[in-house]
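# Summary of the model geometry
Each chain, written out:
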Amino acid sequence: MSEERARERKQAREAELQHLAGFFEYAGLDALTWEPFTQMVRSASGKAIQYGNQSPAHGNGPLVYSRARWAHGGFTLAGVVCPDPKARARWPKDLTILVPNQTWLSRIQTAARSPLKVAVLNPATGTSTFIRVTPHGTASSQVEPVGLTGPTWREQARG
């Protein structure tokens, strides 16, 4: 039985990686980075996580859905991985952008046209930083760390 489950999990993982091949190319990620990144998302959120398809309406990043770990209800949209922030003039206030490194954070900062919540979950270093980014060029343009000693991603999603 366990061999069959292991084989099914391996096939599901391979299908997921194949499905994400275009995203990996766009984002500059690979399968070896994806697994620890997704584990960091689960750990940082403190919730059960499910990944959706890439969303053209959300900058072509894969959607991230969450729910309380032991809840039986449905998942709700909580974030998007490595989107093109120019794809939307106004991002939903409660949507967290998830990126794997400072290079992606810089892209988001440069293109921000509305306030954004960004989680930098770096699988290479194992560090997590949560940042609020305001539109560049406005009087309030700034980056505010809010993560390691401030609210968790889960707490940020509430407010």
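Residues numbered from 1 in each chain as written. Predicted model: local features only at pLDDT ≥ 70, side-chain atom pairs only at ≥ 80, totals over all residues. Heavy atoms only, no water.

## As for the overall build of the protein
What the protein contains, in helices and strands, is five helices and seven strands. When its helices and strands are written in sequence order, the protein yields α-α-α-β-β-β-β-α-β-β-β-α. Taken across its 159 residues, the protein has 39% of its residues classed as buried. Counting only contacts in the protein whose residues sit at least 6 apart along the sequence, the fraction spanning at least 24 positions is 34%. For the protein, the exposed area adds up to about 9000 Å²; of that, 51% sits on carbon and sulfur atoms. (Helix = DSSP H or I, 4+ residues; strand = E, 2+ residues; numbered from the N terminus. Buried < 20%, exposed > 50% of the residue type's maximum accessible area, 1.4 Å probe, protein only. Contact = heavy atoms within 4.5 Å. Areas by Shrake-Rupley, 256 points an atom, 1.4 Å probe, with all protein chains shown as cover.)

## A short note on the packing of aromatic side chains
In total, this model carries seven aromatic pairs according to the counting rule given. Both rings, one in Tyr26 and one in Trp104, keep their centres 5.8 Å apart while their planes meet at 65°; by these two values the pair is edge-to-face. With Tyr26 in helix H2 (residues 21-27) and Trp104 in helix H4 (residues 102-111), the pair connects residues that are 78 residues apart, well separated along the chain. Among the residues examined, Trp104 registers a relative accessible area of 4% and is labelled buried. Cluster of aromatic residues (ring-pair linked, three or more members): Phe23, Phe24, Tyr26, Trp34, Phe37, Tyr51 and Trp104. (Phe/Tyr/Trp six-rings, centres within 6.5 Å; stacked < 30°, edge-to-face > 60°.)

## Let's talk about the pattern of salt bridges
As enumerated under the stated definition, the model contains two salt bridges in all. Salt-bridge contacts for Glu14 lead to Lys10; the nearest nitrogen and oxygen are separated by 4.0 Å. Taken together, the residues span about one helical turn, with Glu14 and Lys10 both in helix H1 (residues 2-19) at a distance of four residues. Its relative accessible area of 45% is what places Glu14 among the partly exposed residues. Taking the shortest distance from any N to any O, the salt bridge between Glu35 and Arg13 comes out at 3.4 Å. In this pair, Glu35 sits in helix H3 (residues 31-45) while Arg13 sits in helix H1, placing the two residues 22 residues apart along the sequence. Taking the relative accessible area as the measure of exposure, Arg13 reaches 33% and is therefore partly exposed. (Salt bridge = Lys/Arg side-chain N within 4 Å of Asp/Glu carboxyl O.)

## With respect to unusual backbone geometry
Despite not being glycine, Asn60 shows a phi value in the positive range, around 65°. Relative to the helices and strands, Asn60 resides in the loop between strand S1 (47-55) and strand S2 (61-68). For Asn60, a relative accessible area of 37% puts it in the partly exposed group.

## Things to note about the layout of surface pockets
Looking at the largest pocket, its volume works out to about 180 Å³. Lining the largest pocket are 13 residues, with Lys93, Pro115, Leu116, Lys117 and Arg132 positioned closest to its centre. For the lining of the largest pocket, the secondary-structure elements that each account for two or more residues are strand S5 (116-122) and strand S6 (127-133). Tallied by class, residues from the lining of the largest pocket come to six nonpolar, three polar and four charged. (1 Å grid on protein atoms, 1.4 Å probe; cavity = no way out; pocket = protein on both sides within 12 Å on 5 of 7 lines; lining within 4 Å. Points joined across faces, edges and corners; volume = space filled by probe spheres on them. Nonpolar A, V, L, I, M, F, W, Y, C, P; charged D, E, K, R; others polar.)

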